[in-house]
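Summary of structural features
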2 protein chains.
Amino acid sequence: MSHFVNHFEENYLKELYKLGQKEIKKVNNIALAKAMELNPATVLEMVRKLTEKKLVALQPDKSIALTEKGRKKALMIVRKHRLWEVFLVNKLHYKWSEVHQLAEQLEHIDSEDLVNRLEEFLEFPAFDPHGDPIPDKNGKIKKNSSIALSTASKDKTYLVQSFADTADSFLDYLAALNIQPGTKIKIVDQLQYDNSFTLNINKKNVQVSQKVASNILVQPAT
Amino acid sequence: MSHFVNHFEENYLKELYKLGQKEIKKVNNIALAKAMELNPATVLEMVRKLTEKKLVALQPDKSIALTEKGRKKALMIVRKHRLWEVFLVNKLHYKWSEVHQLAEQLEHIDSEDLVNRLEEFLEFPAFDPHGDPIPDKNGKIKKNSSIALSTASKDKTYLVQSFADTADSFLDYLAALNIQPGTKIKIVDQLQYDNSFTLNINKKNVQVSQKVASNILVQPAT
DNA sequence: CTAATTTATTTGGTTGTCCAAATAAACTAT
DNA sequence: ATAGTTTATTTGGACAACCAAATAAATTAG
C-alpha cells in the first residue's frame, strides 16, 4: 500500500512537466487526459487532490500549472528516470531504445539517497542515453547554451562542456584523445566525403567521425 | 495501474514462501494475516483470488500451501530481492543492514531480462549480503548441505563451496588468501582468546577471524 | 446573437485492497 | 461433553483510482 501510493501522483506530475516542456499552449484537463489516456473525470478528480496538496494550481483560464513544489517533485522523477536509463545502458548494456519502459518503473523507487548513490556510481552523467539533461539533486538542469561540436563554426575555438553520450566506450575514446570538460577545441576542417572532422586539440590535429563530433557539446570560448 | 497490479499478489506469495521456509507448522489465515499485518478478512479474500489463479491451494486442514506455479513466482521475487540487495551493497556501498527496505521496492520491478542482466553484472553471486542463497533463473536454490567453516571440525579437510558474504572487500581478501570455491581447507586450531582460526591452505597456515570463517561455506571433502 | 461544437463538471457506478465487528466452526481443557 | 477459547468466515462498509454518460458552461461559427 504505502509503497505505491505516489505512483499515480508522480505520473500526473511528470506528465504535466513533460507537457509543459514541449507545448507552449496551456495544459488543460482534456490535454492531460488525452496525454495520459485517462478519462477527463478521472483527471479532474486527481487534479483537485493535487491542488489540495499545493502541487498544482488551477489558473483562471482553467489550465493546470505546476507549483514550485510540484515542479521540484516532477524534476526529481525526471532525474530518477534518466539516471536509471544511464544505469541500464552503461552497466546492463541495454540499447538506448529499450530502456524507457524499465525506467518508468524504476523512477518510482522511493529513496533520495539511492538515486544520489546511483548518480555517484554512474560518475555524475550530465545527460541520459537519449541526450536529455539530468537534473541535479537540487533540481537544476544544466542550461543548454552549449551546441554540438558538429554544428560549430570552423576556425573558432570552443570549450568542451559535456557529452551527449555517456557510453563507456565513447568516454574511453574521449579520454584517449584527451578530451574532457574544459578542453579547448578548434575545428580545422570537415571532410566532404564522410563528414568527419579534423580537430585541433592541444596544438595537435586529430580526426573524429561526425557521430563523435555530434556527441561533444561545446560553448564558444570567451 | 498495470505496473503495480501484482505488488499485492507478489507480497502474499513472498510471505507464504518465507513462512513456509522458517516454520514447520502449517501456515493458516491467522498466521499469514499476522505476518503481513493485515486483517484476516483481507487475507482470506486475497487467498481465494490466489486459489482461483492456481497460485495457492487450500489444504484440507485449512492451511495455505503454494502450488508449484506459486512457488516459482515466489522464488522469482526472492531472486530479484536478493540480487538487488547485492547490487545495493556491492555497487552502491550500502551496509547490509540498510538494504532490505529498498530491495522490497526493487523486487517488484517487472522484467525477467533485467534481473538476468543484473545477475550477470554482479557476476552471478550465489548468496545475498545476508548470506541467503539466490535462486537461479530456473528457481533452483543452491542446496545448502554446506556449513560455515566456523562450525566445522578440527583436523578434517573441507572443500570451499561458496561465501555467505559477497562484499568486494571480503572477496578481495579471500582472493589474496587464495581461497575460492573448490579450495581445500583444514582447521588447524582455534584461538580461545578471539575465536580466530588457524587454517591450513595449500600446505601453508594462515590466520583468519571468526567473522571471516563464518562467511566461508564448506562441505566435508570426500 | 443564437446554434453548434467543444470543454468542463457532475453523477452514478465498478473494481481492488483494506478494515471492524458479528457469527460460525473448530479446537482445548477440565 | 460442555464451557471457553481460538480460528475461520461472513457481512457491511471505507477509500482510491478509474470510467461512461449526462449535464453545464464556454467557445466558435454562421
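Everything numeric here is computed off the predicted structure, so don't read it as measured data. (Residues numbered from 1 in each chain as written. Chains lettered and ligands numbered in written order. Predicted model: local features only at pLDDT ≥ 70, side-chain atom pairs only at ≥ 80, totals over all residues. Heavy atoms only, no water.)

What follows is about the interface of chain A and chain B. Contacts between the two partners involve 26 residues from chain A and, on the opposite side, 26 residues from chain B. Linking chain A with chain B are 0 salt bridges. Here chain A is connected to chain B by 10 residue pairs in polar contact (both at pLDDT 80 or more). Put simply, the parts of the chain that give the side of chain A that touches chain B at least two residues each are helix H1 (5-22), helix H4 (68-90), helix H5 (100-106) and helix H6 (112-121) of chain A. The element that contributes the greatest number of residues to the side of chain A that touches chain B is H6 of chain A, accounting for 5 residues. Split by residue class, the side of chain A that touches chain B holds 14 nonpolar, 6 polar and 6 charged. (Contact = heavy atoms within 4.5 Å. Salt bridge = Lys/Arg side-chain N within 4 Å of Asp/Glu carboxyl O. Polar contact = N/O pair within 3.5 Å; in protein donor to acceptor, adjacent residues only side chain to side chain. Helix = DSSP H or I, 4+ residues; strand = E, 2+ residues; numbered from the N terminus. Nonpolar A, V, L, I, M, F, W, Y, C, P; charged D, E, K, R; others polar.)

Our focus in this paragraph is the pattern of salt bridges. Applying the stated criterion to the full structure yields 18 salt bridges over all chains. When the shortest N-O distance is used, the salt bridge between Lys 73 of chain B and Glu 9 of chain B registers 3.2 Å. Of this pair, Lys 73 of chain B sits in helix H4 (residues 68-91) while Glu 9 of chain B sits in helix H1 (residues 5-22), and the two are 64 residues apart along the sequence. Using a relative accessible area of 34% as the deciding quantity, one classes Lys 73 of chain B as partly exposed. For Glu 9 of chain B, a relative accessible area of 5% translates into the label buried. Across the salt bridge formed by Glu 107 of chain B and Lys 14 of chain B, the nearest N and O atoms sit 2.7 Å from each other. Separated by 93 residues along the polypeptide, Glu 107 of chain B in the loop between helix H5 (100-106) and helix H6 (112-121) and Lys 14 of chain B in helix H1 bring together distant segments of the chain. Exposure remark for Lys 14 of chain B: the relative accessible area of 6% places this residue in the buried category. Here the salt bridges share partners, and the residues they tie into one network are Glu 9, Lys 53 and Lys 73 of chain A. (Buried < 20%, exposed > 50% of the residue type's maximum accessible area, 1.4 Å probe, protein only.)

With that out of the way, let us pick up the side chain of Asn 90 of chain A. Inspection of the secondary structure puts Asn 90 of chain A in helix H4. Sequence-distant contacts of Asn 90 of chain A, that is, excluding residues within four places in its chain, are made with Thr 166, Ala 167 and Asp 168 of chain A.

Near DNA strand D you find 17 residues, and of these Asn 39, Thr 42 and Lys 49 of chain A together with Ile 30 and Arg 48 of chain B are the closest. Protein-adjacent atoms of DNA strand D, using a 4 Å cutoff, are sugar or phosphate at a proportion of 73%. At 2.8 Å from a phosphate oxygen of DNA strand D is found a main-chain nitrogen or oxygen belonging to Asn 39 of chain A. At 2.3 Å from a phosphate oxygen of DNA strand D is found a side-chain nitrogen or oxygen belonging to Arg 48 of chain B. Counting only elements with at least two residues in the surface near DNA strand D, the list comes to H1 and helix H3 (40-52) of chain A together with helix H2 (29-36) and helix H3 (40-52) of chain B. (Near = heavy atom within 4 Å.)

What follows deals with the confidence of the model for chain A. Here chain A averages 90 in pLDDT, while 95% of its residues score no lower than 70. Across chain A, H6 of chain A holds the top mean pLDDT of 97, while helix H7 (residues 168-176) of chain A sits lowest at 86. (pLDDT = per-residue confidence, 0-100.)

The next subject is the domain arrangement of chain A. One frequently used descriptor of interface size is the decrease in accessible area upon assembly of the parts. Considered domain by domain, chain A is made up of domain 1 (2-66) and domain 2 (147-220). For domain 1 of chain A and domain 2 of chain A, the distance between their C-alpha centres works out to 41 Å. (Domains from an automatic or database assignment.)

Attention now goes to the sheet that holds strand E4 (residues 157-163) of chain B. All names here are of chain B. Pairing in this open sheet of 6 strands is antiparallel, and the strands run E3-E8-E4-E5-E6-E7 from one edge to the other. Two strands lie at the open edges of the sheet, namely strand E3 (147-148) and strand E7 (204-208), each paired on one side alone. Pairing analysis gives 3 bridges linking E4 to strand E5 (residues 184-190), with the strands arranged antiparallel. Paired with Tyr 158 across the strands is Ile 185, a residue of E5. (Pairing = 2+ DSSP bridges.)

Bringing the relation of the copies chain A and chain B into the picture now. Of the transformation placing chain A onto chain B, the axial shift is 0.0 Å and the rotation is 179 degrees, giving an RMSD of 0.8 Å. Considering both components of the superposition, the chain copies are consistent with a two-fold axis. (Least-squares fit on C-alpha atoms with pLDDT ≥ 70 in both.)

Before going further, it helps to examine the side chain of Ser 63 of chain B. Residue and element names in this part refer to chain B. Looking at the element boundaries, Ser 63 is found in the loop between strand E1 (56-58) and strand E2 (64-66). Among the polar contacts listed, one links the side chain of Ser 63 to the side chain of Asp 61, at a separation of 2.9 Å. Sequence-distant contacts of Ser 63, that is, excluding residues within four places in its chain, are made with Lys 26, Val 27, Asn 28, Ala 57 and Leu 58.

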